[in-house]
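# Secondary and tertiary structure notes
Listed below are the residues making up each chain.
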Protein chains: 2
Amino acid sequence: MHNVVVPEPRRRPARRPTINDVAAAAGVSRGTVSRVLNGGRDVSDAAQEAVEKAMRKTGYVVNQHARSLVTQRSQSVAFILSEPQDRLFEDPNFNVLLHGCTQALAKHDITLLLTLASSLEDRKRLGRYLTGGHVDGALLVSTHSGNPLIPELLSRGLPVVACGKPLGYERQAAYVAADDRDGARQMVEYLRSTGRRRIATITGPLDTPGGIERLAGYREALGDSDPALIAHGDYTRAGGEAAMRRLLSQTPDLDAVFVASDLMAAGAITVLQLAGKRIPEDVAVGGFDDSQVALTTQPPLTTVRQSYPRISAEMVRLLLSLIDGESPAAVIVPTELVVRESA
Amino acid sequence: MHNVVVPEPRRRPARRPTINDVAAAAGVSRGTVSRVLNGGRDVSDAAQEAVEKAMRKTGYVVNQHARSLVTQRSQSVAFILSEPQDRLFEDPNFNVLLHGCTQALAKHDITLLLTLASSLEDRKRLGRYLTGGHVDGALLVSTHSGNPLIPELLSRGLPVVACGKPLGYERQAAYVAADDRDGARQMVEYLRSTGRRRIATITGPLDTPGGIERLAGYREALGDSDPALIAHGDYTRAGGEAAMRRLLSQTPDLDAVFVASDLMAAGAITVLQLAGKRIPEDVAVGGFDDSQVALTTQPPLTTVRQSYPRISAEMVRLLLSLIDGESPAAVIVPTELVVRESA
DNA sequence: CCGCTTACCGTGAACGTTCCCAGAATCAGT
DNA sequence: ACTGATTCTGGGAACGTTCACGGTAAGCGG
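Conventions adopted
Residues numbered from 1 in each chain as written. Chains lettered and ligands numbered in written order. Predicted model: local features only at pLDDT ≥ 70, side-chain atom pairs only at ≥ 80, totals over all residues. Heavy atoms only, no water. Near = heavy atom within 4 Å. Polar contact = N/O pair within 3.5 Å; in protein donor to acceptor, adjacent residues only side chain to side chain. Helix = DSSP H or I, 4+ residues; strand = E, 2+ residues; numbered from the N terminus. Nonpolar A, V, L, I, M, F, W, Y, C, P; charged D, E, K, R; others polar. UniProt positions renumbered as here; feature names shortened; annotations may be inferred. Disulfide = S-S within 2.5 Å. Axes fitted to C-alpha atoms, helices over the stretch in contact; angles between N-to-C directions. Parallel < 35°, antiparallel > 145°, perpendicular 65-115°, else oblique. Left-handed = near helix turned anticlockwise from the far one by under 90°. Contact = heavy atoms within 4.5 Å. Core = buried A, V, L, I, M, F, W, Y, C linked by side-chain atoms within 4.5 Å. Buried < 20%, exposed > 50% of the residue type's maximum accessible area, 1.4 Å probe, protein only. Domains from an automatic or database assignment. Pairing = 2+ DSSP bridges.

If you look chain A up in an unreviewed UniProt entry, it shows as LacI family transcriptional regulator from Dactylosporangium siamense.

And the structure:
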């Protein structure tokens, strides 16, 4: 290293005070101290006061491991990020979700632990960590299907709530998801209500819940439609552009397109404008997510919003109920059409 | 809620298998199983195999609380974000730091827990959590001074390593910081070596280590300079713009400016160009951080880079040594001049 | 064949809590 | 004064590990 300064040495305290030390200092028994610690029921004012004073004096802090060992509760839950997380952190919606969960859990005096697991090795260690009793439950944001952590945690009986439908485990894992299908339906019906007749769609990857459900909603609103009106994307801007180009060449007379994500929609808009189409006059464009980009497109994007505060609240509620021994459930939170200028 | 589907009920396993169950299943004693669990020294091949088989059969996972209770180790450390964290998550450098720490800790089979504490209430709960023995140590990214968690953790004897000089606790807390002063010095000396003679600076807030140290490096390189060459910013783009305007009016003949962050430098460049100055011909501009924006300015920004992978590695090394009982140290990692077109 | 070393194994104690139960003390009602 | 209820307290047991210690058996040199 370049330079090392060694400040004055710090000695670690010899031994942490235990509940017995407090009891001795307060002149009461272990049991009484424990009662004070846990709500103070059945303890006289005098004892209560003596114990509190003794705790201050000794600088006592409860040993969570000892407590957890007997209560079988750790008062903490994990928030698992098992994707290569770089993209997620940049997503402001993700921040809202995370923050919402932290707050909701805080109300129950539960700490949220964010754990990362990108590599396989990480995931293994994390599996051990989680099933070792360190946490009471886990919140999982699983964008892709086939996350190997899900079956592992499930088989250990660890309460797990997924954000977004956990493909392949819909029946076993609890989850909360936005009503993708209904959102898509709303959007397409809105497009129709404004007189559009050739409504195309760019879907997400069909191995993601959003890909599947949003397409289903599109179909639901339209009945069976011309297959030439459907193109598949991959949630990236470039993917949206490519899909839009395919649609334009397949179906030049389309007058609206419902795109399964805002980012792809931004790509689609670029391509449309390059092709000389005016938005929304010639082609109406609808997105999904109501993310940042929806406001930066030209014109601003009509899109579908999902309420992240709501989602986080429901996730926590569900997790706590699982921890309490209830059986898993799926919660679908409503989505809402946000009309701007693009449609 | 909008819709609830209840999949088939999942029953929680009656009881987790303990080390005794494994011992019974393997026909050996508790002690032997424990030995297998901890490296397998002094255990015969036959016993080893029997135990491993029994563990698979019973689905045994060690109870971390029980283990931690006796070993006084939790094999996990906290990564504490106590600022309103929204800004941090968006910083790609932060991701590098986080990832680096995770990896470095993984080598020692230690799990990293990311904990958020924005509100005061959060911070309290977090304090309890951390000092309750849940973690063996903490990594702290403290951009501002006066973080109340530092003294608390310190007084509890919890090993803490800060990223960036923890103002007010430099002597007591271990930390690793980039060599801000030297980086600034390098930059200013480089500017002088290209013939610049009226070198101004825009500083960061003077209650942050970066603000103080980078200014010190500037002074070090220049000897005492004209106070009219110094303006203070707040690390935001707007702050950089304002400071640049002040400098231009105070000192219209400046021919270079060292800006204490890339973002402020981007603001400064805008103002300079609006004032009709060519960069670098009329005014050379140097930044600090080598962040994303350094590449997007016009022209690309000459700046100072700090090695985040290096910083994370040193932080972990330092923390582990603290946990092993060593006394705290400060590590300063070198900074490096990155020359691009703006100077 | 004896004793010493080595490899392996079992057991009791400890870690610091909570929980439960039994008992003491107080009090009110008869 | 006796009973019964109520409030408070103390202490044993348990949670699931690790660790130090002691013991047994086998191997080996003399």
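So, next bit.
Turning to the protein's contact with DNA strand D, a few remarks are in order. Among the 26 residues in the neighbourhood of DNA strand D, the closest are listed as A:Ser29, A:Arg30, A:Ser44, B:Ile19 and B:Ser34. For DNA strand D, the fraction of protein-proximal atoms (within 4 Å) that sit in sugar or phosphate groups is 67%. Within the backbone of B:Ile19, a nitrogen or oxygen atom sits 2.7 Å from a phosphate oxygen of DNA strand D. Here B:Tyr60 contributes a side-chain N or O atom positioned 2.8 Å from a phosphate oxygen of DNA strand D. Of all the elements in the fold, those that place two or more residues in the surface near DNA strand D are helix H2 (30-37) and helix H4 (64-71) of chain A together with helix H2 (30-37) and helix H4 (64-71) of chain B. Examining the composition of the surface near DNA strand D, we find that 5 residues originate from one element, H4(B), more than from any other. Per-class residue counts for the surface near DNA strand D are 12 nonpolar, 9 polar and 5 charged.

The next thing to look at is the UniProt feature "domain: HTH cro/C1-type" (unreviewed entry) in chain A. When the UniProt feature table is mapped onto this chain numbering, "domain: HTH cro/C1-type" (unreviewed entry) sits at residues 18-61 of chain A. The distance from the first to the last C-alpha atom of residues 18-61 of chain A is 8 Å, and the span holds 68% helix and 0% strand.

Counted under the stated rule, the structure contains 0 disulfides over all chains. This cysteine, A:Cys101, is not joined by any disulfide, and A:Cys163 carries the nearest cysteine sulfur, 7.9 Å off.

As annotated by UniProt and renumbered to match this structure, "domain: HTH lacI-type" (unreviewed entry) occupies residues 17-71 of chain A. Within the segment residues 17-71 of chain A, helix and strand shares are 69% and 0% respectively, and the terminal C-alpha atoms sit 21 Å apart.

So, on to the packing of helix H11 (residues 237-250) of chain B against helix H12 (residues 262-274) of chain B. Residues and elements named next belong to chain B. Taken N-terminus to C-terminus, the directions of H11 and H12 make an angle of 45°; their axes are 7 Å apart at the nearest point. Taken together, the axes of H11 and H12 lie oblique to each other. Helix-helix and strand crossings are classified by hand; for H11 and H12 the assignment is right-handed. Taken together, the residues of H12 that come into contact with H11 (itself represented by Arg 237, Gly 240, Glu 241, Met 244, Arg 245 and Leu 248) are Leu 263, Met 264, Ala 266, Gly 267, Ala 268, Val 271 and Leu 272. Among the residues forming the contact of H11 with H12, the class breakdown is 8 nonpolar, 2 polar and 3 charged.

Quick look at the nonpolar core now. The tendency in soluble globular proteins is for nonpolar side chains to be buried side by side. If you look at the biggest cluster of nonpolar residues, it comprises 64 residues, and the most contacted ones within it are A:Phe79, A:Leu139, A:Val161, B:Phe79, B:Leu139 and B:Val161. Apart from the residues lying within four places of it in its own chain, the contact partners of B:Leu139 are B:Val77, B:Ala78, B:Phe79, B:Ile80, B:Cys101, B:Leu105, B:Leu112, B:Val161, B:Met315 and B:Leu319. Core analysis: the second largest hydrophobic core is formed by 39 residues, A:Ile202, A:Val259, A:Ile279 and A:Phe288 among them.

Domain parsing of chain A yields domain 1 (19-62), domain 2 (76-178 + 309-334) and domain 3 (180-306). Of note, the centres of domain 1 of chain A and domain 2 of chain A, computed from C-alpha atoms alone, are 37 Å apart.

As a further point, take the sheet that holds strand S7 (residues 199-203) of chain B. Residue and element names in this part refer to chain B. Taking strand neighbours across the sheet as the criterion, the 4 strands line up as S8-S7-S9-S10 in an open arrangement whose pairing is parallel. The two strands at the open ends of the sheet, each matched to only one other strand, are strand S8 (230-232) and strand S10 (284-286). Between one strand and the next, the sheet's axes are offset by a mean angle of 15°, whatever the strand orientation. Relative to strand S9 (residues 256-259), S7 runs parallel, the two sharing 4 bridges. Within S9, the residue paired with Ile 199 across the bridge is Ala 256. Sheet strands in contact with helix H9 (residues 180-193) are S7, S9 and S10, and its direction is about 170° off that of S9.

The immediate surroundings of DNA strand C are formed by 28 residues, with A:Ile19, A:Ser34, B:Ser29, B:Arg30 and B:Ser44 found nearest. For DNA strand C, the fraction of atoms within 4 Å of the protein that belong to sugar or phosphate moieties is 62%. Here a phosphate oxygen of DNA strand C and a side-chain polar atom of A:Asn38 are 3.1 Å apart. Take A:Arg67: an N or O atom from its side chain is 3.0 Å from a phosphate oxygen of DNA strand C. Listed by contribution, the elements that provide at least two residues to the surface near DNA strand C are H2 and H4 of chain A together with H2 and H4 of chain B. With 5 residues, the single largest contributor to the surface near DNA strand C is H4(A). A breakdown of the residues in the surface near DNA strand C according to their chemical character gives 12 nonpolar, 10 polar and 6 charged.

Tracing the sequence through the fold places A:Ile202 in strand S7 (residues 199-203). With residues up to four places along the chain from it excluded, the contact list for A:Ile202 reads A:Ala231, A:Gly233, A:Gly240, A:Ala243, A:Met244, A:Leu247, A:Val257, A:Phe258, A:Val259, A:Ala260, A:Met264 and A:Ala268.

This paragraph deals with the side chain of A:Arg214. By the secondary structure assignment, A:Arg214 is in helix H10 (residues 209-222). Filtering out sequence-adjacent residues up to four positions away, A:Arg214 remains in contact with A:Asp180, A:Ala184, A:Pro209, A:Tyr235, A:Phe258, A:Ala260, A:Phe288, A:Asp289 and A:Gln306.

So, about the pairing of strand S2 (residues 76-81) of chain B. All names here are of chain B. In terms of burial, S2 is a largely internal element, 6 of the 6 residues being buried. Residues Ser 76, Ala 78 and Ile 80 point to one face of S2 and Val 77, Phe 79 and Leu 81 to the other, with burial holding for every one of them. Inspection of the sheet shows S2 paired to strand S4 (residues 137-141) by 5 bridges, in the parallel sense. Paired with Val 77 across the two strands is Gly 137, which belongs to S4.

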